[in-house]
Amino acid sequence: MIRVVLPGPLCAIARVERELEFDVPGPVTQRRVLDALEQRFPVLRGTIRDHVTQQRRPFVRFFACEQDLSLDSPDAPLPDAVAQGREPFLVVGATAGG
Amino acid sequence: MSGVRVLVGTRKGAFIFTSDGKRTKWEISGPHFPGWEIYHVKGSPLNPDRIYASQCSGWFGQLIQRSDDGGKTWEPVGNQFTYDGVPGTHQWYDGTPHPWEFKRVWHLEPSRTDAEAVYAGVEDAALFHSTDGGTSWQELSGLRGHGSGPKWAPGAGGMCLHTIMQDPSNPQRMYIAISAAGAFRTDDGGKTWTPINRGLNSNYIPDPNAEVGHCVHHLAMHPSRPSTLFMQKHWDVMRSDNAGDLWTEVSGNLPTDFGFVIDVHAHEPETIYVVPIKSDAEHYVHEGKLRVYRSRTGGNEWEALTRGLPQENCYVNVLRDAMAVDALDKCGVYFGTTGGQVYASNDAGDSWTAIAEHLPAVLSVEVQTLP
């Protein structure tokens, strides 16, 4: 089971708790996690990454294991701790403004 | 008629006000979609329980919400707005080419003829259409394909398509307006479009005969006279009596003719309302006084409506989609401010009451007259 933590606004529109658990086929990558997330919650399509390009939205960041993974390739394997469900994959709204 | 429902979009959520036909006591629900920018909320003229809301965020993009029970519950519908073909470029503020990029939906206009159809005006400017209740959206790309798109430029609020008006006497005719491109008309249901900006003068456009580039802030029409259009341009209040083919200025004795909103009385096609704003640099009302101006002569002769509105130390703005009228007798008029007030008049503007005073900045106000 993969653990994914969503920011509050996305929890509200998906009507879910902050932390979700679901299966992701290996190897576990950003793309596969987000594909699985959007398949379970279609309302999230377009909110984390662009509908067409599938690129991360500019003010969204991905953290895990105390690392910023936002600029990593979406097809790079996520840390083992995320793949094994020991650590969550965090979708974070970037700090912007005052 | 039993009452009204006022739909208010704000910087941090939507609010719904309901009242009976007297319009003296109001119930408020909200915030719906708290924390999100709600650029527009509008109900279907065919099914008043069907309401659409444009919900967006700089972080998480665009969502469209739909209610089928008058705003009690909502379901997100389609949020994919993909330009048809290669979007190309428009002008940036400095005149250089800038790629077309979808940012948000400014205005939702449910169809007058099909309960499942709805139009969306978006930034960067384009018109989208859904025939399945907002589940999927297709661009009516003949508008951008008109050929003038590379000359369109953003206004201060962005390059937004903010006004969509359907001719009630001719389903093939529709008007839209874009800041800062101007007004356009289609006579074939949206396939092809004609710029309708002759007679407009804008001092930031060197060519006095420019076909596009005008910063039209809002359009209004009375359903009984669909060829008579009223316009609040960046500066200047204008009217056209030939479906936009030619515009004439009707600013008359207004204290300033900069502004955003313009609307028409529900039962008097020559009675129109504006809220003058001091200038394009000072986006607040003139002389610290919140005044709606009404003309009963279709323009030129204006009277200030002040009863119930603050007349000192007031520095709010009233944004382009933040005024609406109901169809009751007497006509109700409603508007919202960037200071979070929503004012209602149940006597065609003679007097006003604040039905909310501490909302987030109001982006839009629409009203439904309920059966």
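The model shown is predicted, which means the values in this text are computed figures rather than measured ones.

Draft legend 1. Region of interest: the overall build of chain A. Within chain A, the regular secondary structure consists of three helices and five strands. Along chain A, helices (α) and strands (β) appear in the sequence β-α-β-α-β-β-α-β when read from the amino end. In terms of overall dimensions, chain A is globule-like: its C-alpha atoms have a radius of gyration of 12 Å, near the 13 Å expected for 98 residues. By residue count, 26% of the 98 residues in chain A fall in the buried class. Counted over contacts in chain A with a minimum sequence separation of 6, partners at least 24 positions apart contribute 56%.

Draft legend 2. Representation of the sheet that holds strand β25 (residues 303-305) of chain B in the model. Residue and element names in this part refer to chain B. Here four strands make up an open sheet; going across it, the order is β22-β23-β24-β25 and the pairing antiparallel. Strands with a single pairing partner mark the edges of an open sheet, and in this sheet they are β22 (258-264) and β25. Across the sheet, the mean angle from the axis of one strand to that of its neighbour is 30°, orientation sign disregarded. Relative to β25, strand β24 (residues 292-295) is paired through three bridges, and the arrangement is antiparallel. Looking across to β25, one finds that R294 is bridged to E303.

Draft legend 3. Quick look at the sheet that holds strand β7 (residues 75-76) of chain B. Residues and elements named next belong to chain B. Sheet architecture is open: four strands sit in the order β4-β5-β6-β7, paired in antiparallel fashion. Whereas interior strands pair on both sides, the edge strands pair on one side only; in this sheet they are β4 (37-43) and β7. As judged from the seven bridges shared by strand β5 (residues 51-57) and strand β6 (residues 61-67), these two strands associate in the antiparallel manner. Across the sheet, residue C56 finds its bridge partner in β6, namely Q62.

Draft legend 4. Structural detail: the pairing of strand β20 (residues 237-240) of chain B. Residue and element names in this part refer to chain B. The side-chain alternation of β20 yields two buried faces, one formed by V237 and R239 and the other by M238 and S240. As defined by bridge partners, strand β19 (residues 225-233) adjoins β20 across four bridges and the pair is classed as antiparallel. The residue bridging L229 from the neighbouring strand is S240, located in β20. The turn joining β19 and β20, which pair antiparallel and follow one another in sequence, is formed by three residues; a positive phi near 95° is taken by D236. As paired elements, β20 and strand β21 (residues 248-249) share two bridges and run antiparallel to each other.

Conventions and cut-offs
- Residues numbered from 1 in each chain as written.
- Chains lettered and ligands numbered in written order.
- Predicted model: local features only at pLDDT ≥ 70, side-chain atom pairs only at ≥ 80, totals over all residues.
- Helix = DSSP H or I, 4+ residues; strand = E, 2+ residues; numbered from the N terminus.
- Rg over C-alpha atoms; globule rule 2.2 N^0.38 Å.
- Buried ≥ 20, exposed ≤ 12 C-beta atoms within 10 Å, placed from the backbone.
- Contact = placed C-beta atoms within 7 Å.
- Pairing = 2+ DSSP bridges.
- Axes fitted to C-alpha atoms, helices over the stretch in contact; angles between N-to-C directions.

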